[in-house]
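Listed below, chain by chain, are the residues.
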Amino acid sequence: MEITLNAPLDMHLHLRDGDMLKLVAPLSSDFAGAVIMPNLVPPATTPAAMSAYSERIASAMGEESFTRYMTLFFTPQSEQQLTQAKATPGFFGYKLYPAGITTNSEGGVANLTEADSTLRMMQEMDIPLLVHGESHGFVMDRETEFLAVYRELAERYPKLRICMEHITTAAALQLLDEFDNLCATVTLQHLIITLDDVAGGALQPHLFCKPIAKRPGDRDALLQAALNAHPRLMFGSDSAPHPRCKKEACGCAAGVFTAPLALPRLAELFARHGALDKLQAFISDNACKLYGLTPVQKQITLHDVPMQVPASYRSYGQQVIPMYAGEQLSWSVKR
Ligand code: DOR
Ligand code: ZN
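Residues numbered from 1 in each chain as written. Chains lettered and ligands numbered in written order. Predicted model: local features only at pLDDT ≥ 70, side-chain atom pairs only at ≥ 80, totals over all residues. Heavy atoms only, no water.

**Student:** Which parts of the structure should I look at to understand helix H9 (residues 216–227)?
**Tutor:** Given 3.6 residues to a turn, an α-helix orients residues that are three or four positions apart in the same direction. The end-to-end C-alpha separation of H9 is 16 Å, in line with the 16 Å expected for 12 residues at 1.5 Å each. Along H9, the positions that sit buried rather than exposed are Asp218, Leu222, Leu223, Ala225, Ala226 and Leu227. On its buried side, H9 packs onto helix H6 (170–178), strand E8 (182–186), helix H7 (189–192), strand E9 (233–235), helix H11 (262–272) and helix H12 (279–291). Where H9 terminates, the next one or two residues include Ala229, which has phi positive at roughly 50°. (Helix = DSSP H or I, 4+ residues; strand = E, 2+ residues; numbered from the N terminus. Expected span 1.5 Å × (residues − 1). Buried < 20%, exposed > 50% of the residue type's maximum accessible area, 1.4 Å probe, protein only. Contact = heavy atoms within 4.5 Å.)

Here it is in structure tokens:
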């Protein structure tokens with residue numbers, strides 16, 4: 001069995017910077033492009049910083065046909081700043097983090113009312129808003145608590161394109177169906193694992209991410225929506241590499257590194273559920289329609305020939321452990 005995908009897109013990707021960028025960027029090169037997250041140290045808040053980062057990605061990627069859809073770290077903006085951002089080549093949208101909610105998000109938004117005028121202007125200028133939707137409440141309830149904020153945003157800015165990033169709950173899917181101006185990304189791991197896989201037995205630091213994996217019912221609802229190619233649901237890996245020493249540590253950093261195996265594992269998952277015909281929509285077409293993207297023509301064939309996932313990826317003095325480290329997947333990319 002095999003499937004050829006046209007222009008697979010990763011609608012939520014962390015590529016980091018420096019040596020880690022050099023290590024991980026080529027591992028996403030089977031994708032035609034990706035939405036690149038701005039939570040660097042310091043975060044990418046200006047078009048100049050964003051463009052320079054985009055150039056560093058291009059040289060680390062060493063692959064010409066990879067489109068960088070660049071995001072800026074949301075802070076309140078003037079009309080002039082928004083105009084400048086929108087005119088910057090490669091600019092895709094703003095990523096809003098509640099202050100302190102995850103890795104390098106300390107400079108995020110503490111109070112949404114401070115964002116009001118910026119969001120009004122973004123709506124007028126048709127600039128997408130990508131949101132890390134978690135409250136500061138109990139860890140298992142953070143996303144559902146934040147749904148009230150999404151609802152308020154969707155109602156107050158009815159023409160603003162709002163993307164609920166990396167959704168992890170059945171409740172988020174319900175909200176998605178209520179508002180046409182909401183869309184969502186979902187990761188590979190949240191289609192497969194639950195909190196049990198992270199902390200039900202021996203603690204699995206390489207499966208620890210934010211938002212944390214939830215209940216079986218949540219995972220099952222997300223999987224069904226993906227397998228049915230829900231038209232406003234897109235694949236976004238949220239592949240978030242951290243050095244091995246930061247993961248296998250007291251105070252483990254949040255993030256699952258899935259970039260090198262996401263396409264084979266998705267093909268395996270969709271094939272097992274008899275839904276391979278829906279993968280193209282989930283991996284590219286939905287995003288193209290929702291955002292009006294016209295990615296480069298890049299075809300990737302996946303087949304049911306096993307892939308051995310390396311125990312780790314290392315170079316440039318960096319080492320990162322992928323999901324399924326040392327295991328065999330039953331699908332791989334046909335080279
Ligand atoms: O697990 C996560 N890792 N969630 C995020 O929101 C950020 C990401 C990262 O940058 O490490
Ligand atoms: Zn992320």
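Having seen it, we continue.
**Student:** Whenever I open this one, the packing of H11 against H12 confuses me. Can you help?
**Tutor:** Each pair of packed helices can be described by the angle between their axes along with the distance between the axes. Running from amino to carboxyl end, H11 crosses H12 at an angle of 140°, the nearest separation of the two axes being 9 Å. As judged from the angle between their axes, H11 and H12 are oblique. Between H11 and H12, the residues in contact are Leu263, Leu266, Ala267 and Phe270 and Leu279, Phe282 and Ile283, respectively. (Axes fitted to C-alpha atoms, helices over the stretch in contact; angles between N-to-C directions. Parallel < 35°, antiparallel > 145°, perpendicular 65-115°, else oblique.)

**Student:** Got a minute to help me understand the site of ligand 1 in this structure?
**Tutor:** Neighbouring ligand 1 are 13 residues; Arg16, Asn39, Lys210, His242 and Ala254 lie closest to it. Taking Lys210, its main chain carries an N or O atom lying 2.7 Å from a nitrogen atom of ligand 1. In isolation ligand 1 has 290 Å² of accessible area, and contact with the protein removes 100% of it. Of the residues that constitute the shell around ligand 1, the class distribution is three nonpolar, seven polar and three charged. (Near = heavy atom within 4 Å. Polar contact = N/O pair within 3.5 Å; in protein donor to acceptor, adjacent residues only side chain to side chain. Areas by Shrake-Rupley, 256 points an atom, 1.4 Å probe, with all protein chains shown as cover. Nonpolar A, V, L, I, M, F, W, Y, C, P; charged D, E, K, R; others polar.)

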